[in-house]
Structures are given as structure tokens and as C-alpha cells.
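Here is what each chain is made of, one letter per residue.
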Protein chains: 2
Amino acid sequence: MRRDNISMAVIRRMPKYYRYLDELHQNGVDKISSRALAEQMGLTASQIRQDFNCFGGFGQQGYGYHVETLRNEIASIIGIDRKHNAIILGVGNIGRALIRNFQFSQCGFSLLAAFDADAAMAGDVINKVPVLHIDELERFCKENRVEIAILTIPSKYAQTMAAKLTELGIKGLWNFTNVELKVCEDVIVEDVHFSDSMMTLCYRISEE
Amino acid sequence: MRRDNISMAVIRRMPKYYRYLDELHQNGVDKISSRALAEQMGLTASQIRQDFNCFGGFGQQGYGYHVETLRNEIASIIGIDRKHNAIILGVGNIGRALIRNFQFSQCGFSLLAAFDADAAMAGDVINKVPVLHIDELERFCKENRVEIAILTIPSKYAQTMAAKLTELGIKGLWNFTNVELKVCEDVIVEDVHFSDSMMTLCYRISEE
């Protein structure tokens with residue numbers, strides 16, 4: 001059902017659809033109209049239909065969507081029904097927060113290990129995730145099919161580490177360092193730019 | 001120079017422009033053409049000109065932009081040249097990471113205090129930010145003009161806390177809990193949805 005040239009705006013709405021549909025399903029909702037879903041999500045019904053049409057469309061006009069089926073179809077479009085191996089680089093506060101609290105498996109990932117340059121942390125286990133010394137990185141990536149690396153290291157090491165991970169065959173970087181990473185085209189970088197988010201909030205409250 | 005009805009897509013690009021221009025300025029770059037800026041940012045020159053036109057436009061065709069002037073104009077549009085008082089609720093790993101590492105002042109905010117329900121933390125000072133017990137929240141908000149609250153508390157407390165903060169006159173919430181907060185229209189919520197970002201990465205690597 002995957003199509004080419006789907007805009008990032010549509011792609012970025014898919015996880016949101018998934019979250020809402022999953023919540024509806026948890027709450028025992030069986031069916032929902034595009035209008036009702038639109039109202040809950042702050043979108044328009046026609047936008048929802050347009051978004052879904054990018055992937056072939058789901059449900060029947062007027063009949064509404066079967067919540068669980070739609071949730072599962074979107075899960076499969078996003079790819080969270082498959083398991084992608086991930087590692088995390090940097091066991092500082094953000095790294096620790098993600099290891100302890102983030103539901104990787106619910107997002108299609110399996111967090112295999114964490115790495116840190118601090119030898120004192122090596123051997124620790126946080127929320128069932130082993131912490132290894134950074135010197136183990138190369139061996140580990142060669143022995144395990146690691147697809148994603150999460151960067152929660154200090155900014156000054158970000159670009160060097162991104163280059164090393166690219167060499168090691170990493171397909172995607174989840175980047176929490178506030179650095180614009182330069183990597184080859186076939187590596188995907190998903191930035192979590194706290195400052196952009198905070199500045200956007202700044203703009204919006206200034207506007208009020 | 002602030003205009004009405006500027007799309008969120010344009011608004012969300014402004015912090016990125018700011019980051020790039022600030023970096024160029026730090027690197028001693030004096031002038032840049034919209035084409036060169038576009039190439040660096042992965043946008044088109046016409047998109048940049050369109051974005052800037054929403055705010056009245058900057059620079060002269062063909063002449064290029066004066067980096068420092070443009071950076072300052074954008075800073076003033078975003079509102080980071082003013083100081084907005086902020087507090088943070090929840091001193092767990094993410095809260096601590098933000099207090100220790102996030103450059104609030106560079107985003108237009110002044111972090112006055114942190115609050116936690118754990119009485120043992122009260123009295124701590126993290127990176128010059130005092131930690132107060134949550135019971136102090138009401139008094140503190142009445143005595144200080146707090147505009148922004150950062151929510152890094154457990155999800156189950158998020159909605160109740162959002163409602164309380166709204167009563168206390170908070171104008172904006174920076175929401176790190178994975179909860180869709182329901183607040184009155186004049187309160188602005190900026191969500192940091194880690195799961196949406198991770199699921200987007202999941203989609204994009206699955207697509208490769």
C-alpha cells in the first residue's frame with residue numbers, strides 16, 4: 001500500500017492518527033466517522049480522507065472507519081508491526097530518560113544496548129538494557145543487525161559519531177543533539193530539536 | 001512586522017532559520033544569498049523568500065541578506081529577544097536533562113524554578129534553578145509572572161496539572177508527557193511527542 005512521493009506533512013500525521021486510533025481502540029470504540037476523528041484531532045474530514053487516499057484509502061464513505069482495522073493498517077504503513085534493532089549512544093539524563101520511559105517496542109523498535117564513554121557505566125543494566133563501553137560499538141554493530149542509533153551524546157561528538165555509525169551501516173539516526181548532522185543521502189536523520197519547539201512556543205505566546 | 005494567519009509550517013521554519021543564521025554569524029559570515037541559505041537548509045530560494053515575505057520580507061533581491069541583521073529580525077519575530085518566565089514541573093530524568101542542558105535564555109525564556117512532588121528534592125538547586133515542592137506552585141505563580149510551564153511529570157498527572165496551571169494564568173505549556181492535553185483556547189500547548197518522531201523515523205527507514 002506504500003506509495004511514492006508522499007509529503008512529509010502527511011507522513012508526520014500518520015503517527016498521530018495511530019495514537020488517536022489506538023486510544024479509541026483501548027477505550028472500546030469500534031467505529032468512527034472521518035468527521036468525528038477530524039474533530040478529535042483538530043483536522044478536517046476531507047484532510048483525513050486525502051491523507052488516507054495517499055495510501056489507497058481505508059473504509060467506506062458514510063460508513064465510517066473500523067477503528068482496530070484502521071489502527072492496524074496504519075501501524076503496518078508506519079512499519080511499527082516490524083521490529084527494528086536500535087542502540088542508544090550516551091547515557092546522560094536524556095539517554096537515561098529514554099531508556100527508562102520510552103516505549104520503543106510500541107514504535108517498532110527493539111532497544112538492544114546503550115553505549116557510553118564512561119567506563120564506570122559499562123556493565124550497568126537500565127530497564128533491561130545493557131550499558132556497554134563505546135569501544136564495544138563496532139563489534140556490537142557487526143554482530144547485531146542494528147538499524148537505528150539514538151544520539152544523546154554531547155553535541156561536540158555528534159558529527160564524528162554520526163560518521164562512524166554511517167560506516168557501521170546504520171540506516172537511521174534519532175538525533176537529540178542540537179547539531180545539523182551531515183550524512184550521506186541513504187541515512188535518514190530524524191531530529192528532535194527542543195530549541196525549535198521552544199522557540200515556536202515563544203512565538204505563539206508572544207503572538208497572543 | 002508580525003502578520004496574521006501565518007501558517008504553522010512557516011512559523012515552525014523560523015527557529016530553523018534562526019539557528020542557521022546564528023551559526024553563520026558565529027562563523028563570521030557577513031552576507032548570504034537566499035540561494036546559498038536554501039542549499040544549506042534543504043529548502044528552495046523561492047520558499048525562503050515566500051516565508052520572509054509573510055513578515056514583510058528582508059534584504060534586497062540579488063543583493064543577499066545581511067546575516068546578523070536577518071538573525072536579529074527573526075529573533076525579534078520569534079520573540080526570543082524578550083524574556084518569558086518559565087517553570088518546570090517534574091524533576092525526573094527529562095526534567096533534569098532540560099534544567100542542566102537546555103539553553104532557555106537563548107530561546108527567550110528565563111527558567112525561574114522547578115517543582116516536584118518528592119519532598120526530598122525540595123531545596124535542591126540544579127544549574128542555579130531552585131527545586132520547590134509542588135505545594136509551593138500556587139504561591140509561586142501568584143508572586144511571579146510565570147508565562148510558561150514545562151510538563152515533564154508522569155502522564156497520569158498531566159491533564160490535572162494542565163488544568164491547575166491554566167487556572168493559575170499560565171499562557172503556554174511545553175508538553176513532554178505523551179498526553180493530548182485539553183485546555184482552553186487561549187492556552188498554547190507545544191507538544192514534544194517523542195513517539196511521533198520515532199514512528200516517523202520508523203516509516204522512513206522502512207521506506208528505504
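Everything below is about the structure printed above this text.
Throughout, a residue's number is its position along its own chain's written sequence, starting from 1. Written order decides the labels, with chains lettered from A and ligands numbered from 1. A pLDDT threshold of at least 70 governs which residues receive local features in this predicted model, and a stricter bar of 80 or more applies before side-chain atom pairs are shown or counted, although totals over entire chains, interfaces and linings include all residues. Computation of side-chain values: all heavy atoms of the structure, hydrogens and water removed.

## Here's the deal with the environment of V67(A)
Residues and elements named next belong to chain A. Stated precisely, the cut-off is as follows: Numbering goes from the N terminus for both helices and strands, where a helix is a DSSP run of H or I of at least four residues and a strand is a run of E of at least two. In this analysis, two residues are considered to be in contact whenever any of their non-hydrogen atoms come within 4.5 Å of each other.
Tracing the chain through its elements places V67 in helix α4 (residues 67–78). Along the sequence, V67 and Y20 sit 47 residues apart, while their C-alpha atoms lie 9.6 Å from each other. V67 has contacts with L21, L24, H25, V29, D30, K31 and I32, leaving out every residue within four places of it along the chain.

## Some words on helix α8 (residues 194–207) of chain A
One turn of an α-helix holds 3.6 residues; hence residues three or four places apart share an orientation. Convention followed: Expected helix span is taken as 1.5 Å per residue step, with the number of steps being one fewer than the number of residues. Exposure classes here rest on a 1.4 Å probe applied to the protein chains alone. A residue is buried below 20% of its type maximum, exposed above 50%, and partly exposed in between.
Its 14 residues give α8(A) an end-to-end C-alpha distance of 20 Å, which sits within 8% of 20 Å, the value for a rise of 1.5 Å per residue. Most of α8(A) sits out of view: 13 of its 14 residues are buried.

## As for the relation of the copies chain A and chain B
Going by this rule: Alignment of copies: least-squares fit on C-alpha atoms of residues with pLDDT of at least 70 in both copies.
Laying chain A over chain B is done by rotating through 180 degrees and shifting 0.0 Å along the axis; what remains is an RMSD of 0.0 Å. Here the copies are linked by what is in effect a two-fold axis. Residue by residue, 100% of the interface of chain A is reproduced at the interface of chain B, so both copies engage with the same surface.

## So, the environment of D191(A)
Rules: The definition of a polar contact used here is a pair of N or O atoms within 3.5 Å, where within protein one atom must be able to donate a hydrogen and the other to accept one, and adjacent residues in sequence count solely through side-chain atom pairs.
Inspection of the secondary structure assignment puts D191(A) in strand β9 (residues 188–191). For D191(A), a relative accessible area of 28% puts it in the partly exposed group. Spatially, the C-alpha atom of D191(A) lies 8.3 Å from that of E180(A), the residues being eleven residues apart in sequence. When sequence neighbours within four positions are dropped, the list of residues in contact with D191(A) reads N175(A), V179(A), E180(A) and S197(B). Within the structure, the side chain of D191(A) is placed 2.7 Å from the side chain of N175(A), a separation counted as a polar contact.

## Here's the deal with the packing of aromatic side chains
Let me state the cut-off plainly: Two aromatic rings, drawn from Phe, Tyr or Trp (for Trp, its six-membered ring), form a pair once their centres lie within 6.5 Å of each other, and the interplanar angle then sorts them: stacked below 30 degrees, edge-to-face above 60, tilted otherwise.
Summed over all chains, the structure comprises 21 aromatic pairs over all chains. Considering the side-chain rings of W174(A) and F176(A), the 4.7 Å spacing of their centres and the 75 degrees angle between planes classify their relative orientation as edge-to-face. Note on W174(A): relative accessible area 0%, which makes it buried. Residue classification places F176(A) among the buried positions, given a relative accessible area of 8%. Between F194(A) and F176(B) the ring centres are 5.5 Å apart and the planes differ by 70 degrees, which places this aromatic pair in the edge-to-face class.

## Examining the interface of chain A and chain B
Put simply, the rule reads: Accessible area that two parts lose when put together, with a 1.4 Å probe and added across both, is what the buried area reports. What counts as a salt bridge is simple: a side-chain nitrogen of Lys or Arg found within 4 Å of a carboxyl oxygen of Asp or Glu. Residues were grouped as follows: Ala, Val, Leu, Ile, Met, Phe, Trp, Tyr, Cys and Pro as nonpolar; Asp, Glu, Lys and Arg as charged; and all remaining residues, including Gly, as polar.
Across the boundary between the two partners, chain A contributes 61 residues, which contact 61 residues of chain B. When the two sides are added together, the surface that chain A and chain B hide from each other amounts to roughly 5,400 Å², 68% of it contributed by carbon and sulfur. Sorting the residues of chain A by area buried against chain B places M198(A), M199(A) and Y203(A) first, and these three jointly supply 14% of that buried surface. There are six salt bridges connecting chain A and chain B. Two residues, R19(A) and D196(B), come together in a salt bridge whose shortest N-O distance is 2.6 Å. The tally of links between chain A and chain B comes to 21 residue pairs in polar contact (both at pLDDT 80 or more). Elements with a contribution of two residues or more to the side of chain A that touches chain B: α1 (8–26), α4, α5 (93–101), β7 (148–151), β8 (172–175), β9 and α8 of chain A. At 14 residues, α8(A) tops the list of elements feeding residues into the side of chain A that touches chain B. Of the residues in the side of chain A that touches chain B, the class split is 32 nonpolar, eleven polar and 18 charged.

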